[in-house]
Amino acid sequence: MEALPKKKVAVKINGVEQTRAVEPRLLLVDFLRDVAGLTGTHVGCDTSICGACTVILNGTAVKSCTVLTVQADGADILTIEGLAQGEKLHPLQEAFWECHGLQCGFCTPGMILSAYQLLKRNPQPTEAEIRHALDGNLCRCTGYQHIVDAVRMAAKRMKRKANGKKKAIGSGQKAGPEGRRR
Ligand code: FES
Ligand code: FES
């Protein structure tokens, strides 16, 4: 295929600014994997069905195989690599691990980022709401019950942590990184 003239694109990925020249037809998922080297974003279908390529783009979960990189110019992008804080996993990552919410793990980055958006918008979702939020993400291994359990566990822990922080602020004490009082 003939190369097209490249366009300059600047994005912030997991807090790091990147400026690259890309072909206008380059999909965001291919940019993330092949140009930025962030291979935690997976390609399961390329036809916007599986959700394995889900990332957070300007605060919204999107299937990155449906977005051109040039459309993301100026955007703030969160991929699965940006979710943990150093060695400390995000509560969703811990809960997927503890609830056995994965087998091969291929769907997991997309599942977790869709769940991340859900918990931002609705911190205490019902089981039906979790299933609805994840209905654009397919898993070929686990069945979905353990995934739903993981999201519920993460929601509970995140709520506890948020309540701990509120109490600490209310009593004038500083909360530590886990909401524990120092
Ligand atoms: Fe994007 Fe399947 S690879 S939805
Ligand atoms: Fe294998 Fe979901 S864990 S596809």
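As the structure is a computational prediction, the values presented were derived from the model and not from experiment. (Residues numbered from 1 in each chain as written. Chains lettered and ligands numbered in written order. Predicted model: local features only at pLDDT ≥ 70, side-chain atom pairs only at ≥ 80, totals over all residues. Heavy atoms only, no water.)

**Remarks on the sheet that holds strand β2 (residues 16-22)**
Within the open sheet, the 5 strands sit side by side as β2-β1-β5-β3-β4. Their pairing is mixed. The open sheet has two edge strands, β2 and β4 (60-63), and neither has a second partner. Across the sheet, the mean angle separating the axes of adjacent strands is 40° when strand polarity is ignored. Across 2 bridges, the pairing between strand β3 (residues 54-57) and strand β5 (residues 76-78) is antiparallel. Across the sheet, the residue bridging to Ile56 is Leu78, located in β5. (Pairing = 2+ DSSP bridges. Helix = DSSP H or I, 4+ residues; strand = E, 2+ residues; numbered from the N terminus. Axes fitted to C-alpha atoms, helices over the stretch in contact; angles between N-to-C directions.)

**Points about helix α1 (residues 28-35)**
Restricting attention to buried positions, one finds in α1 the residues Leu28, Val29, Phe31 and Leu32. Burial along α1 is one-sided: seen end-on, the buried residues are contained in an arc of 165°. Positioned one or two residues after α1, Gly37 has a phi angle of 75°, which is positive. (Buried < 20%, exposed > 50% of the residue type's maximum accessible area, 1.4 Å probe, protein only. Arc of directions from axis to C-beta.)

**A short note on the pattern of salt bridges**
One pass over the full model with this rule turns up 5 salt bridges. Residue Glu98 pairs with Arg157 through a salt bridge whose shortest N-O separation is 2.7 Å. Taken together, the residues span a long stretch of sequence, with Glu98 in helix α2 (residues 91-98) and Arg157 in helix α5 (residues 145-170) at a distance of 59 residues. Owing to a relative accessible area of 42%, Glu98 belongs among the partly exposed residues under this scheme. Arg157 gets classed as partly exposed once you look at its relative accessible area, which sits at 27%. We note a salt bridge from Arg152 to Glu127, for which the minimum N-O separation is 3.4 Å. Of the two residues, Arg152 is situated in helix α5 and Glu127 in helix α4 (residues 127-133); the sequence distance between them amounts to 25 residues. The class of Glu127 is partly exposed, set by a relative accessible area of 26%. Members of the salt-bridge network, linked through shared partners, are Glu127, Arg131 and Arg152. (Salt bridge = Lys/Arg side-chain N within 4 Å of Asp/Glu carboxyl O.)

Interpretation note: all reported values are geometric properties and have no functional meaning in isolation.
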